[in-house]
Amino acid sequence: MNEKKLRQLLISIQNKEISIDEGIARLKGLPFDDLGFAKVDHHRQLRQGFPEVVYCAGKTKEQIVAIMENLVNKSENNILATRASREVYEAVVKKIPDAVYYELARAIVVWRGEQEKRGHILVISAGTSDIPVAEEAVITAEVMGNRVERLYDTGVAGIHRLLSQKEKLFAARVLIVVAGMEGALASVVAGLVDKPVIAVPTSVGYGANFGGLAALLTMLNSCASGVGVVNIDNGFGAGYLASLINRLGEVES
């Protein structure tokens, strides 16, 4: 239940269009539904503006399907599941036929009608190998109602590729920079713009990259101001944070 639906319910009770008992019955499932193996948080949409997101890694197909069915039945918003394999998607789509799978992002989305897009977020990848993490950020931000633009394969090994796209950099309200290897791209971008830069280190790189740790430390030690860093390979976290920042920008404007 979102804020709009809650308002409608309370107005209906106030106008005596429905009884208090019926209103209480509708609200009983608001905090969460206990499925035994999971407590699905239906209050999150009201509390944070977006429903609970399903993290698929470590869950069985049956658990994922049950959680997503529960969310679809209780929410009018888009539903997102991350880190999902195609095998998981094939199980989900049997129960939820309109579920869509995004292979690169490893994400399942149930789209709920046309939504006005807030704008805009620019997602930049250093290399082609960083695109899967970048796509997770893109899909997350789009599902949350943002206008998102991609700018891929613009790493520091060929900095002219980035500098040729300065207009896109300057036009964005929030920038997500996804980079492996040494992770220097986030500092370069932050040194060019006056907007928040969300840096996403990836596990792309050779031995001394230490599975993304080298990029993470570079981004945390950035000389450029305005850089916030999420965890290694956490495209979802970057997309979610960018959406929150973008939403604040909409309120201010």
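Higher on the page you've got the structure.
Residues numbered from 1 in each chain as written. Predicted model: local features only at pLDDT ≥ 70, side-chain atom pairs only at ≥ 80, totals over all residues. Heavy atoms only, no water.

Teacher, can you tell me more about the side chain of Thr-140 here?
Among the structural elements, Thr-140 can be located in helix 6 (residues 131–143). For Thr-140, the contacting residues outside a window of four places in its chain are Leu-80, Phe-236, Gly-239 and Tyr-240. (Helix = DSSP H or I, 4+ residues; strand = E, 2+ residues; numbered from the N terminus. Contact = heavy atoms within 4.5 Å.)

What am I meant to see in the pattern of salt bridges here?
Tallied over the full model, the rule gives 7 salt bridges. Across the salt bridge formed by Arg-83 and Glu-136, the nearest N and O atoms sit 2.8 Å from each other. Residue Arg-83 is located in the loop between strand 4 (79–82) and helix 5 (86–95), and its partner Glu-136 is located in helix 6; the two are separated by 53 residues in the primary sequence. Residue classification places Glu-136 among the buried residues on the basis of a relative accessible area of 3%. Here Asp-153 and Arg-161 are joined by a salt bridge, their closest N and O atoms 3.3 Å apart. Under the relative-accessibility criterion, Asp-153 is labelled partly exposed at 32%. (Salt bridge = Lys/Arg side-chain N within 4 Å of Asp/Glu carboxyl O. Buried < 20%, exposed > 50% of the residue type's maximum accessible area, 1.4 Å probe, protein only.)

Nothing here speaks to function; it is geometry throughout.
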